[in-house]
Amino acid sequence: MLLDLAAALSLPGIADRDFHELSKARWQAAAKALGAQLETPQAQRDVQARGVVVGKTDAAARPLRLESLPLLLGAPPPASEGLQLVAFATTLANADPDAPGWLREVPDALSGVSWSSWAELSPATAQRLGVKAGDLLMLRTGDGTAELPLAINPALHEDAVAVPRDAPELRMLGALGRSVRAERTGKTFALPLTGHASQEGRDLARVISSGGELKREHGHEEGGTLASPHEHPKHRWSMSIDLDKCTGCQACVVACYAENNLPVMGAQAAREGRLMAWLRIQRSVEPGPTPEATRIAVLPSLCQHCDAAPCEPVCPVYATYHTPEGLNAQVYNRCIGTRYCANNCPYDARVFNWKDPVFVEPLQMQLNPDVSVRSKGVMEKCTFCVQRIRYAEGAARDEGREVRDGDVTPACVQTCPAQALVFGDAKDPHARVVAQQQDGRAYRLLEEVNTLPAIAYLARRGGQP
Ligand code: SF4
């Protein structure tokens, strides 16, 4: 990532080097300082594999100084006055006009911005400059100028202006660490912003201290459901989501777009809150007294496949219903688009087709033939990749056996690099998902509304509960 940044900014002496070359040179320098030799390629590989050079040194231990990082990368010394320009990495490419639609549409996990470049300021700095979110900001360095819409980031240092590293505007402003003047232009820009960055005190993304226990003040109320719980004679498909592992990278969200033929809707739809994602990363950025004390949480959010689903009894045409395998299913060609179900879903899991989808080249070539393309006027949402469930059931039947744990892997579960998601049959006592759901950190989202979700979240450890 740092090398990518260096290349984007054409930092002298580092921009043209690849990681292998750079790491080899660093190990050789470290070995030389300790009087060791790394002459053969095997010796170099050994030291890389071990991760240390063994030798003698009389130097006192020196702590890593993070503020030295730009200098290590060859950036000029920090500005002595004014704001300082910093670039940050996003896992998506919202600010890159040449990136594929999926990567521009899925919002940046922390700011919620899609389809645009933007600049970030701390709330205190924005107030000092008399600007607010959505104002166009003029940034000036000795090298150039750029106009960028403003997003407020409570976790940002008051002396910094932060710009995504894939924003073309970054190049106009020159190297990182430059002194930068930020001015109000008096113009505004409707930033394509999605989601709501607060949990509103509802403790959705829960955190426990290391070794601590989950407090369970708002449990499920026995007998408090509107509908009677269902029988699941064979399977009850379920998921667990470990918040200790989830990094908010959104690979799962993009995988869901690809697997389930989700259309890319564009910037205007993002402004109107009409993106079609079945799975989103719900962000929560709760400001503290200092930028460092800002509490940030991410929560993968999708249909909870409730046993007592509030969406089901309100559908006048029975387009949404509970299957014997515990899925909350949606019959598209029965839906008449009243949207009562979406209004009654406490998890905001349902999305409505305001237009017929358009799959811009080359995305029309990758549509999944096992999943229908929905049309204008119908409601849709996560199905736990029911097509993959049916495929695994068919394969097991052909082989004359029962479905085994691990046979069904929804696209999000398959793609998550942190393996934060586990899917399986809650009726199989040996399934991994059952063990996860019995973990002391497991809880259900908004348990107190008595929807009996099929998804259990595992609280993040080691934070301030
Ligand atoms: S669940 Fe996995 S893929 Fe999805 S955002 Fe979290 S870490 Fe990334």
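Conventions and cut-offs
Residues numbered from 1 in each chain as written. Predicted model: local features only at pLDDT ≥ 70, side-chain atom pairs only at ≥ 80, totals over all residues. Heavy atoms only, no water. Helix = DSSP H or I, 4+ residues; strand = E, 2+ residues; numbered from the N terminus. Rg over C-alpha atoms; globule rule 2.2 N^0.38 Å. Buried < 20%, exposed > 50% of the residue type's maximum accessible area, 1.4 Å probe, protein only. Contact = heavy atoms within 4.5 Å. Areas by Shrake-Rupley, 256 points an atom, 1.4 Å probe, with all protein chains shown as cover. Phe/Tyr/Trp six-rings, centres within 6.5 Å; stacked < 30°, edge-to-face > 60°. Lys NZ or Arg CZ within 6 Å of the ring centre and 35° of its normal. Core = buried A, V, L, I, M, F, W, Y, C linked by side-chain atoms within 4.5 Å. Pairing = 2+ DSSP bridges. Near = heavy atom within 4 Å. Nonpolar A, V, L, I, M, F, W, Y, C, P; charged D, E, K, R; others polar. Expected span 1.5 Å × (residues − 1). Salt bridge = Lys/Arg side-chain N within 4 Å of Asp/Glu carboxyl O. Axes fitted to C-alpha atoms, helices over the stretch in contact; angles between N-to-C directions. Parallel < 35°, antiparallel > 145°, perpendicular 65-115°, else oblique. Disulfide = S-S within 2.5 Å.

A.B. asks: What is the right way to look at the overall build of the chain in this model?
C.D. replies: From N to C terminus, the chain includes 13 helices and 18 strands. Its C-alpha atoms give the chain a radius of gyration of 25 Å, near enough to 23 Å, the size a compact globule of 465 residues would have. Referenced to the eigenvectors of the C-alpha coordinate spread, the extents of the chain come out at roughly 70 × 60 × 50 Å. Taking all 465 residues of the chain together, 48% fall into the buried category. Here the analysis covers contacts within the chain between residues at least 6 apart in sequence; of these, 70% occur between residues at least 24 apart. As displayed, the chain offers around 24,100 Å² of accessible surface, 52% of which is attributable to carbon and sulfur atoms.

A.B. asks: What's the story with unusual backbone geometry in this structure? I'm lost.
C.D. replies: Cis rather than trans, the peptide bond between Glu 361 and Pro 362 has omega equal to 0 degrees. Along the chain, Pro 362 turns up in the loop between β13 (351-352) and β14 (379-380). Backbone geometry places Gln 250, a non-glycine residue, at a positive phi of 75 degrees. Turning to its location among the elements, Gln 250 is positioned in the loop between β8 (237-242) and α8 (251-259). Owing to a relative accessible area of 3%, Gln 250 belongs among the buried residues under this scheme. Of note, the phi angle at Gln 419 is positive, near 50 degrees, even though the residue is not glycine. With respect to the helices and strands, Gln 419 occurs in the loop between α12 (411-415) and β15 (421-425).

A.B. asks: It is not clear to me how the packing of aromatic side chains should be interpreted in this structure. Could you clarify?
C.D. replies: When we look at a pair of aromatic rings, we describe it by the centre distance and by the angle of the planes. Applying the stated criterion across every chain, the model contains five aromatic pairs. Measuring from ring centre to ring centre gives 5.1 Å for Phe 352 and Trp 354, while their planes differ by 85 degrees; the resulting arrangement is edge-to-face. Note on Phe 384 and Phe 423: the rings are 5.0 Å apart at their centroids and 80 degrees apart in plane angle, and the pair reads as edge-to-face. Taken together, the positions of Phe 384 in the loop between β14 and α11 (386-398) and Phe 423 in strand β15 put the pair 39 residues apart, joining distant regions of the chain. By relative accessible area, which is 6% here, Phe 423 ends up buried. By way of ring pairs, the aromatic residues Trp 237, Phe 384 and Phe 423 are connected into one cluster. Here Arg 271 stacks its cationic end above the ring of Phe 189, 5.5 Å away from the centre of that ring.

A.B. asks: Looking at this model, I keep getting lost on the nonpolar core. Mind explaining?
C.D. replies: Grouped together as the largest cluster of nonpolar side chains are 71 residues, with contacts concentrated most on Met 239, Leu 302, Phe 384 and Tyr 457. Per element, the largest residue contribution to this core is five residues, and it comes from α8. Ignoring any residue separated from it by four or fewer positions in sequence, one finds Leu 302 in contact with Met 239, Ile 241, Trp 278, Leu 279, Ala 349, Cys 382, Phe 384, Ile 455 and Tyr 457. Ala 146, Leu 150, Leu 170 and Ala 182 belong to the second largest nonpolar core, which has 27 residues in total.

A.B. asks: Explain the pairing of strand β6 (residues 179-188) to me, please; I cannot follow it from the model alone.
C.D. replies: Consecutive side chains along a regular strand alternate between the two faces of the sheet. Bridge analysis of strand β1 (residues 83-88) against β6 gives two bridges, and the strand direction is antiparallel. Paired with Gln 84 across the bridge in β6 is Ser 179. Note that strand β3 (residues 135-140) and β6 share five bridges and pair antiparallel. Opposite Leu 139, over in β6, you have Ala 182 as the bridge partner.

A.B. asks: How should the site of the ligand be read in this particular structure?
C.D. replies: Taken together, 13 residues lie near the ligand, and Cys 246, Cys 249, Gln 250, Cys 252 and Cys 416 sit nearest. Looking at the shell around the ligand residue by residue, the classes come out as ten nonpolar, three polar and no charged.

A.B. asks: Is there a simple way to explain α11 in this structure?
C.D. replies: Given 3.6 residues per helical turn, the α-helix brings residues three or four places apart onto the same face. Compared with an ideal rise of 1.5 Å per residue, which puts 13 residues at 18 Å, α11 spans 18 Å between its outermost C-alpha atoms and is within 8% of the ideal. As for α11, its buried residues are in contact with β8, α8 and β15.

A.B. asks: Mind showing me how you'd approach the side chain of Ser 116 here?
C.D. replies: Mapped onto the elements, Ser 116 comes out in the loop between α5 (101-105) and β2 (119-121). Each residue touching Ser 116, except ones within four places of it in the same chain, is listed here: Asn 94, Ala 95, Arg 104, Pro 149, Phe 189, Leu 191 and Pro 192.

A.B. asks: It is not clear to me how the sheet that holds strand β17 (residues 455-458) should be interpreted in this structure. Could you clarify?
C.D. replies: Pairing between the strands of a sheet is mediated by backbone hydrogen bonds and can be parallel or antiparallel. Within the open sheet, the four strands sit side by side as β15-β8-β17-β16. Their pairing is mixed. Here the strands that pair on one side only, and so sit at the sheet edges, are β15 and β16 (442-443).

A.B. asks: Explanation requested: the pattern of salt bridges in the structure shown.
C.D. replies: Pairing between side chains becomes possible if they bear opposite charge and their charged atoms approach one another. As enumerated under the stated definition, the model contains 17 salt bridges in all. A salt bridge links Lys 187 to Glu 147; its shortest N-O distance comes to 3.2 Å. Separated by 40 residues along the polypeptide, Lys 187 in strand β6 and Glu 147 in strand β4 (residues 145-152) bring together distant segments of the chain. We classify Lys 187 as partly exposed; its relative accessible area is 42%. Look at Glu 147 and you get partly exposed, because its relative accessible area is 31%. Taken together, the salt bridges that share partners define one network made up of Arg 140, Arg 181 and Glu 183.

A.B. asks: Got a minute to help me understand the packing of helix α2 (residues 19-33) against helix α3 (residues 41-50) in this structure?
C.D. replies: The axes of two packed helices give the description: the angle between them and the distance between them. It is the contact of α2 with α3, at a shortest axis distance of 11 Å, that shows an interaxial angle of 95 degrees. Here α2 lies roughly perpendicular to α3, going by the angle between them. On α3, the residues that touch Ser 23, Lys 24, Trp 27 and Gln 28 of α2 are Gln 44, Val 47 and Gln 48. In terms of residue class, the contact of α2 with α3 is made up of two nonpolar, four polar and one charged.

A.B. asks: I would appreciate a short explanation of the state of the cysteines in the present structure.
C.D. replies: Think of a disulfide as a covalent bridge from one cysteine sulfur atom to another cysteine sulfur atom. A full pass over the atoms with the stated rule returns zero disulfides. Cys 345 provides the cysteine sulfur closest to Cys 311, a residue in no disulfide bond, and the two sulfurs are 6.4 Å apart. The class for Cys 311 is buried, based on a relative accessible area of 6%.

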